[in-house]
Amino acid sequence: MGDEIVRTNKMKRSKSSCSCSCGGSSSKVLGGFESLSEELKGRIFSFLDIQVSNIELALEYWDIAPLGTVAIRAIVNGLPRMKALVGDFQNVQIKHRLSQCLDLLIFSPTRETRISQYKNGLSTLASLVKNLNLQKLDISSHGLKDIDSLAEAVSANTCLRTLVLADNKISWRDEYGGSSLREMLKTNNSLTELNLEKNGIGKSTAQYIAEALEVNRTLVRLNLADNLLGADGVAVLANALTKNYSLQILNLSKNSKDQKLLFGDEGARHLGNVLKSNGSLLSLEMEENFIGHAGVKALAAGLQVNHTLTHLNLAENLLDDAAAKYLADALKINRALENLKMFGNRINNLGAEALADALKVNSTLKEIDLYRNEISYLGALGFADALKINNALQCINLWNNNIGDKGAECLAQALNGNNSLMKLFLYGNSISDAGAGAFASPLTQNHRLIELWLAGNSIGEKGAAQISEALTQNHTLKVLVIHNNKLGQGGAKYFGELLKVNQTLVKLYIGFNNLRAVGAEYIAEGLAENTGLIELNIGANQIGPVGAEYIGDALIQNCTLSILNLWDNGIGDSGADCVANALRANTGLRDLYLNSNDIAEMGTEAISNALRDNETLTRLNFAGNNCGACVDELASALKVNAALRDLNMSGNAIGPEGAAWFADSLPEFKGLEKLLLCSCEIEETGCASLAEVLPLNSKLRELHISFQFEDDNEFGSNVCKEILQGFAETKTCRVFHEPVIGDYFRV
């Protein structure tokens, strides 16, 4: 509730603009809402995020908030709450106030709160849209089919900017959904963004949308990803785009269902023709559409004469070296494209060399993404040669290729004369000490690179020594990702020494390196003297309780580190106790990851007691431990701690008893807004305990749970139905019933 959300391009309203009465005073704020008044006093907000079932209460938030509050967001579950909102419109004063401050309306679906399940659900929603000066409406995943009433309401609304209808069934009968969309887009003059992702839209509905695009002059962003357009659907849209000069961002990813309904080369050919004449499109997404070199040839021909497109996504297609050559030829001429994504394709060295050759003359491309292709040393050599000449490219992603040490050496040497590259991703490229060491000298001279990713390689102690020594003289690199290598305790020693002198690095990922307790000691010694590092990931290093003690001691001295990841280190209860002692003294840590650390009852109690004193930690990941049902102290601490906002307890077998402890404390939570209890074996009785108290809650915003249903029908037993209904009727908290299976423990 207390999170400030930055809002841009929106004029701040003065307090006098909302001075009219809403039919109630602040003395009418009920129950848990009383504490909110004190929380808001003296704070400046640009956005209030409120789940609302009673508009009058929502407007009292407005009354007690200081100058600077400009909007209220309502998240509504189910038809009963929609009807309550409509009823509030009978009060003219409330309606007037609401039109001033309600900005964004999100309808959150659950199994029993989908609008499509109610006879008058959509018409009730349409009534809301007609009566509110909304700027954004999100009704995703509600099973909507016939949207006539909604489309009519949107047509009449002159304030709505964004409409999200993703994951519905609008195209189930094209003559309804398609024609409604067409008329809406033809008559509405305010909508700038429309999201129709995952709606089963095929050629027929695409034709209706295309007809609207020919006359619409306000829509800027259109998302049609994950539909059934195929080449025929793309063709009708492409024809409309030759006549449309307002659409700037178009997402057509995942529009090939199978070999019978392909986007493929034919669809790409239509869009290539669009690029030759369209002067407004800035971004085009065509990921995962079975596009090969023939389709790319057509797109490249369009790019050669296009002067506006800045972002092109061709990831996860069938691009080979021939396709890369076509794009390279286009890049030699094109002076607009800035971002080119080609990850997950089949580009080899010949294609990489062609692209690199194009970069020698191209002066506009800023980012090229070739993650997960088939590029080795020769391809890397080509890019290295290009970097010696090119001074525009800012990011190269060669993640999960196979450039090896020789490729790394070439790229490292290229950094000496390059003044533009800021990010270099070489994750998973079979680089050992020789390749890593090649970066040492360039890092002492390069003053532009800010991120270097060398994770997932085979870098050992020698490579660690060379890189760390170089970074003692480097004052620009801010992010070093070197996890999942072979640094060992010796490598940790060098990085520990680095942290004592380098105050430029803000993120260091050094997990999965077998550091153990001795390595943790080296890192801790450096951390104690460091004042620049903000995030440290030392997960999966088997540091044990002794290593946790070293890290804990360092945290008592270090007050600048904000994020610490100790995941999967086997620190146990004694290690948790050391971390808990640090939390009592540390005033800088905001996020702490202790998941999968074999922490049982005593360690849980130590952390719980520390939370009573700590006033700065906002996120704690405690998933996958062994605390069992002994969470009474933790639940009780949440009634005292006002800082913690996010707690992940998933994968702890707290059972119904543990759920009951959280339920007992939940109405008095001081600051917690998000609680994850997935795969916690809380069963129906535990869910029932939580459902019973959620209506009394004023703080918790999200509760994530998972439990097995007793029978095989859609909603399970009658008891489960009642529980889910209870969750659906909560007034302040969104409840997510998640699958029992899944990995909730890794970061």
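Above this text you will find the structure in question.
Residues numbered from 1 in each chain as written. Predicted model: local features only at pLDDT ≥ 70, side-chain atom pairs only at ≥ 80, totals over all residues. Heavy atoms only, no water.

1. Considering the pattern of salt bridges
Two side chains bearing opposite charge may form a pair once their charged atoms approach each other closely.
Item 1. Applying the stated rule across the entire model yields 17 salt bridges.
Item 2. One network of salt bridges, in which partners are shared, links R182, E183 and E211. (Salt bridge = Lys/Arg side-chain N within 4 Å of Asp/Glu carboxyl O.)

2. Here we look at the environment of G526
Item 1. Checked against the element boundaries, G526 lands in helix 20 (residues 516–529).
Item 2. Between the alpha carbons of G526 and N502 there is a distance of 9.6 Å; along the sequence they are 24 residues apart.
Item 3. Sequence-distant contacts of G526, defined by excluding residues within four places in its chain, comprise G496, L499 and K500. (Helix = DSSP H or I, 4+ residues; strand = E, 2+ residues; numbered from the N terminus. Contact = heavy atoms within 4.5 Å.)

3. Here we look at the pairing of strand 24 (residues 702–705)
Item 1. Strand direction decides the pairing type here: strand 23 (residues 674–677) and strand 24, joined by four bridges, are parallel. By the bridge assignment for strand 24, K674 is matched with E702.
Item 2. Running through helix 26 (residues 683–693), the crossover from strand 23 to the neighbouring parallel element strand 24 is right-handed. (Pairing = 2+ DSSP bridges. Right-handed = clockwise from strand over helix to strand, strands pointing away.)

4. Topic: the state of the cysteines
Item 1. Across all of its chains, the model carries zero disulfides by this definition.
Item 2. Free of any disulfide, C630 has its nearest neighbouring cysteine sulfur in C627, separated by 7.7 Å.
Item 3. The class of C630 is partly exposed, set by a relative accessible area of 30%. (Disulfide = S-S within 2.5 Å. Buried < 20%, exposed > 50% of the residue type's maximum accessible area, 1.4 Å probe, protein only.)

5. Notes on helix 12 (residues 321–331)
Item 1. Burial in helix 12 covers these residues: D321, A323, A324, L327, A328, A330 and L331.
Item 2. Elements in contact with the buried residues of helix 12: helix 11 (293–305), strand 11 (339–341) and helix 13 (349–359).
Item 3. Between the side-chain oxygen at the start of helix 12 and the backbone nitrogen of A322 there is a gap of 3.2 Å, and the oxygen is on D320. (Polar contact = N/O pair within 3.5 Å; in protein donor to acceptor, adjacent residues only side chain to side chain.)

6. Topic: a negative patch on the surface
Item 1. A cluster of acidic residues, E601, E605, D632 and E657, forms a negative patch at the surface.
Item 2. Here E601 is to be found in helix 23 (residues 601–613). (Patch = residues over 30% accessible without salt bridge, like charges linked within 9 Å, V, L, I, M, F, W, Y side chains within 5 Å. Areas by Shrake-Rupley, 256 points an atom, 1.4 Å probe, with all protein chains shown as cover. Lys, Arg positive; Asp, Glu negative; His and termini not counted. Charge placed at Lys NZ, Arg CZ, Asp CG, Glu CD.)

7. Notes on the packing of helix 10 (residues 264–277) against helix 11
Item 1. At a minimum axis distance of 7 Å, the contact between helix 10 and helix 11 shows a crossing angle of 5 degrees. Relative to helix 11, the element helix 10 lies roughly parallel. Here helix 10 contributes D265, A268, R269, L271, G272, L275 and K276 to the contact with helix 11, which in turn contributes H293, A294, G295, A298, L299, A301, G302, L303 and V305.
Item 2. Class assignment of the residues belonging to the contact of helix 10 with helix 11 gives a composition of nine nonpolar, four polar and three charged. (Axes fitted to C-alpha atoms, helices over the stretch in contact; angles between N-to-C directions. Parallel < 35°, antiparallel > 145°, perpendicular 65-115°, else oblique. Nonpolar A, V, L, I, M, F, W, Y, C, P; charged D, E, K, R; others polar.)

8. Topic: unusual backbone geometry
Item 1. Positive phi, normally seen in glycine, also occurs at S141, with a value near 60 degrees.
Item 2. You can see S141 is positioned in the loop between strand 4 (136–138) and helix 6 (148–156).
Item 3. For S679, which is not glycine, the phi dihedral falls at a positive 55 degrees.
Item 4. Relative to the helices and strands, S679 resides in the loop between strand 23 and helix 26.

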